[in-house]
Amino acid sequence: MREKNYKIMKKYIAFILACCLCCNFMPINTVLAENNTNDPIFLTDEQIASLDTFNEDLKTEIKKPDSPTAVISNNMFYVSLKKEYSDIDLQLNNSYFSEISNISSVEQIFNITNSDTNPLFKKENFRNIVKIVLTTDTAQELDNAINSIKDREDIKTIAYDYYDSIETIETPEISTYAGNSSQAESQKIYYNSLGITQAWDITKGSSEVKVGVIDSGLNVNIPELSSNIWTNPNEIPNNNQDDDGNGFIDDVHGWNCISNIPNTNGNGDISDIPTDNCNFGHGTSCSSVIGAKNIVSNTKSDLVGVCENVTIVPIKITSSEQMVIAINYAIANNIPILSHSKSSEYLSDIEKQAIETYNGLFVTSAGNKGYNLDSDNQQSYPTEYDLGNVISVACSNTNGTLNTSLNYGGNTVDVSAVGTNVWVYDMYNNARIVTGTSYSTPMVAGVLALMKSYYPDATPEMLKTALLTTTTNGSTHENKTRTMGNINAYNALMALKEMLPVADGTTAYMQNQSSGLFLTKQTTNSILQSNYAESTPQKWTFIYQNNGYYKIKTQDNRYLTVTNGMDTDSNTVRATTLTSQPEAINWKITCNKDNTYNIMPQCSNTRVLQINGDSSLTINTKSNTNTTQHWFIKDIDEISINKTYFLRNKYTGKYLTINDSNTPSAPNVNNYTRACSHKTIAI
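Small disclaimer: the values here were computed from a predicted structure and weren't measured.

Colleague: What's the story with the overall build of the protein in this structure? I'm lost.
Modeller: Helices and strands together make up the secondary structure of the protein, namely 13 helices and 31 strands. When each of the 683 residues of the protein is scored for burial, the buried share is 54%. Within the protein, contacts between residues separated by at least 24 positions form 68% of all contacts whose residues are at least 6 apart in sequence. Total accessible area on the protein stands at roughly 29100 Å², and carbon and sulfur atoms take up 46% of it.

Given below as C-alpha cells:
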C-alpha cells in the first residue's frame, strides 16, 4: 500500500511539472505544487530528478507467465540489463552470455540508429534488451539456460517468450449493418458528448500524423480504412530485404512482432487474427474508431473515425513481452501516438522497461473486469506501471456516465471516453456495435491525433496536459478517475491553442535580435529594417492556420512571402497583395529558450528569416545554422520595457504572490484583484 501511495504522489508532482513546462514564458527552476493542506511545495530540478531514482534498479524476480492460456516458447527468452550496465553502443553477442552453451543467436531489440537525435527515444531510460534464441527446443534446456545467468549482477530482467490473448475481451456483438442511417445518428450522439464534432470545425486531422495500433493486426482491404493505412514508401513488398534500412524486412504497412506462433515469422504480415475472444477482428475494429473514412456509397453507412485524416500503422502482438519489439518499431518509424486496447492482470517488467524508453504517448485500456484498480488486490497493466507517458482510459456510456461494470480507479486511471455501444467496422467490413475499454482507448488516441495535427510541434507533455485538464466532469466519475470526467476534443484543442508559440491573431512588432532593428514595409512594399526611434515600424498580425503554420500580414493585408526559389542564399522576402489568402506563404514559428523566435518559410524548413550584412540590410531567407538570427515578437504597447506576468495555477485559479515578508504563498482566491494587492513576480 505504501508503494501505491508513493506512486500517486510521484505522478501528481510529475503532472504538475509537465503542466508548468508547457508555459513558454516561464523559465524558472522551481515547481509549485500543493499538497492536501494547500501549503506550497517547491521542488528543485534535482529533487524532481531524485524521484525517478527513488527505487533502486533491482533484479526482477523470474517467473513464468501467470496466465493459464499462455503458450511458452522453449527455445527463446528475453534478457534486459540494469541501467548502470546499459549502453546504446554496447553490442551484446553470444560471448556476452558465455555461460549458456546452446545459444543460436542474440538479437538486439533496440536498434536506434539516431539515438542522440530521435525525438521519440528516451536515452536516459534506455536498457539493453535482447532476445536469446537457443539451438534446442525443450523446457529443460530453457530452464538450464536461464538458471545459468539468473544470478549475474548486471541482469535486470529475464522473461519467458510466449503468446497469449492477454485478457478476455468482453466485446458483445449487438447488431450489424442493416442498410439505414441509424449508425451515424447514434455515433453523432457520443461524438457530440465528447466535443469531437465541434473539434472538426477546427481540424479533421492530417495524414502527417501517425498512430500506431498495437493489437491483433488489421485488414488493409477495408475500404473505409485502406486510404488511412500507412504504406512504407521505401519498402519493396515481399522481396525479403530491408529496403529502407529501418531494421525491419518487408514492413510495407506495419510490423508483426509475433515470432513463436506456428505459421508466423515476425514480419510484415499484419493481417488481423480472429480469436475465440474476438472473432471479428479486434485490431481492425479499434483502428476504425481512430480513423475510418467516409466513402459515401449505396452500400455503406457514413460512419467515420474520430480523426478522419490520419495515418494508422498496425503493429501486431499477442503478448506483453512482444511490446519491446513494438516500441522499438514505433521509435524507429517516428510514431508519436500508440493505441493499445488490451490489458493484463499480470505484471511484465520487460514491457514496462520498453514503454518508459518511448518518448511518445502510450494510450492503454484500463480493462474490462469491473475492478476498482485503487485496490491493492486488483491489477491491470500497463495502466499500473506508473509511467508519465501512459494515458489510461476507462469506459463511459453514450450519455457520459461512467460504466463501472468495467475497470476504473480514482488514483490509477487517468480519464474516460465513450466505449459503450460504439459503432465500428470489423475485419469482414461489417458495421457493428461493440462495448469495452478497448474502444474508449482508440477514442482518446483519435483525439490526440486531432491535437497533434492542429499543433504538430506540441510535445507529449503539452498534449497530455491539454487533454487531461479540459475534461467534462460528471458526478458518476468522482473518485473513479484522476480527472473525474470524459475527454472533450474541442476543449483540448482550445487548451492547446493557448500553448502556441504565438497566439492566433497577435499583432506585434518583429525585432531582429542581432541588429536591434525592426522588420518593416515601405510604401513600395519592399521589406527593410528600421530603427524604432527614427520611424514607426510595421505592425504584423500572425494568423494561425490550424496546422502548425502561420500567415503573417501587415495591417493593410499584405502578406509576408518569398519571391523566388529556395535553392540559394539570395532569396529576398517581400510583402505583396495576393488575390487570395491560400496563395500566401505559410511560416513556421518556434520559440527559443531566450524568448526569441525562429521564423521559417513552409516551403523550406531548412531556411529561416535573416538579415543581410550589406549596407542595404535587405531581408533574406538563409540556411538554418548555429548562427541563425533570432527575432523578438514584441507587444505593440510595451515595445521598450520588460513585461511582467502574474503566475496563475491553471487548475485552482490561484495566483502565486509574495506577502509583506517576501514569503511565496498561494492564497485561496480565484480573482485578479487579490493577486494585484501583493507583489508580482517578474518572469
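Colleague: Looking at this structure, I do not really get the sheet that holds strand S4 (residues 103-108). What am I missing?
Modeller: The strands making up a sheet associate through hydrogen bonds between their backbones, and the pairing can be parallel or antiparallel. Sheet architecture is open: four strands sit in the order S4-S5-S3-S6, paired in antiparallel fashion. Of all the strands in the sheet, just S4 and strand S6 (155-163) have a single pairing partner and so form its edges. Adjacent strand axes in the sheet meet at a mean angle of 25° when their direction is disregarded. Sitting on the sheet, helix H3 (residues 139-149) is in contact with strand S3 (71-81), strand S5 (129-134) and S6, with an inclination near 10° to S3. Relative to the sheet, helix H9 (residues 349-356) contacts S3, S5 and S6, its axis offset from that of S6 by approximately 105°.

Colleague: Would you explain unusual backbone geometry in this entry?
Modeller: Negative phi is the rule for most residues except glycine; trans is the rule for most peptide bonds. Omega for the peptide link from Tyr381 to Pro382 comes to 15°, which places this bond in the cis form. With respect to the helices, strands and loops of the structure, Pro382 is situated in the loop between strand S11 (361-365) and strand S12 (390-396). Of note, Asn421 is a non-glycine position whose phi angle comes to about 55°, a positive value. Tracing the backbone through its elements, the reader meets Asn421 in the loop between strand S13 (415-418) and strand S14 (422-425).

Colleague: Is there a simple way to think about the nonpolar core in this case?
Modeller: Note that soluble globular proteins tend to have their nonpolar side chains buried in a common cluster. Counting 85 residues, the largest nonpolar core has Met443, Leu448, Met451, Leu496 and Phe542 as the members making the most contacts within it. Among the elements that make up this core, the one with the highest residue count is helix H10 (residues 437-454) (10 residues). Contacts of Leu496, omitting those with residues within four sequence positions, involve Met451, Tyr454, Tyr455, Ala458, Met462, Leu463 and Ala466.

Colleague: Would you explain the packing of aromatic side chains in this entry?
Modeller: In this description, a pair of aromatic rings is defined by centroid distance and the angle of the planes. The final tally for this structure, using the stated rule, is 12 aromatic pairs. Where Tyr191 meets Trp200, the ring centres are 5.5 Å apart and the plane angle is 85°; that geometry is what we call edge-to-face. Considered together, Tyr191 and Trp200 belong to a single accessibility category, that of buried residues. Summarising the aromatic geometry, the rings of Phe248 and Tyr329 are spaced 4.6 Å apart at their centres and angled 85° between planes, so their arrangement reads as edge-to-face.

Colleague: Looking at this model, I keep getting lost on the environment of Asp137. Mind explaining?
Modeller: Tracing the sequence through the fold places Asp137 in the loop between S5 and H3. Sequence separation between Asp137 and Met76 is 61 residues; the distance between their C-alpha atoms is 8.4 Å. Ignoring any residue separated from it by four or fewer positions in sequence, one finds Asp137 in contact with Asn74 and Asn75.

Colleague: Just to check I follow, could you spell out H10 for this structure?
Modeller: Because each turn of an α-helix spans 3.6 residues, side chains separated by three or four positions end up pointing in the same direction. Between its first and last C-alpha, H10 extends 26 Å over 18 residues, near the 26 Å set by a 1.5 Å rise per residue. Within H10, 18 of the 18 residues are buried, leaving the element largely enclosed by the surrounding structure.

Colleague: What exactly am I supposed to notice about the environment of Thr311 here?
Modeller: Summarising the element assignment, Thr311 is placed in strand S9 (residues 309-316). The exposure class assigned to Thr311 is buried, which follows from its relative accessible area of 11%. Sequence separation between Thr311 and Ser207 is 104 residues; the distance between their C-alpha atoms is 5.1 Å. In this structure Thr311 touches Ser206, Ser207, Val209, Lys210, Val211, Asn228 and Trp230, once residues within four positions along its chain are discounted. Polar contacts involving the side chain of Thr311 include one to the main-chain carbonyl oxygen of Ser207, which spans 2.6 Å.

Cut-off values and rules
Residues numbered from 1 in each chain as written. Predicted model: local features only at pLDDT ≥ 70, side-chain atom pairs only at ≥ 80, totals over all residues. Heavy atoms only, no water. Helix = DSSP H or I, 4+ residues; strand = E, 2+ residues; numbered from the N terminus. Buried < 20%, exposed > 50% of the residue type's maximum accessible area, 1.4 Å probe, protein only. Contact = heavy atoms within 4.5 Å. Areas by Shrake-Rupley, 256 points an atom, 1.4 Å probe, with all protein chains shown as cover. Pairing = 2+ DSSP bridges. Axes fitted to C-alpha atoms, helices over the stretch in contact; angles between N-to-C directions. Core = buried A, V, L, I, M, F, W, Y, C linked by side-chain atoms within 4.5 Å. Phe/Tyr/Trp six-rings, centres within 6.5 Å; stacked < 30°, edge-to-face > 60°. Expected span 1.5 Å × (residues − 1). Polar contact = N/O pair within 3.5 Å; in protein donor to acceptor, adjacent residues only side chain to side chain.

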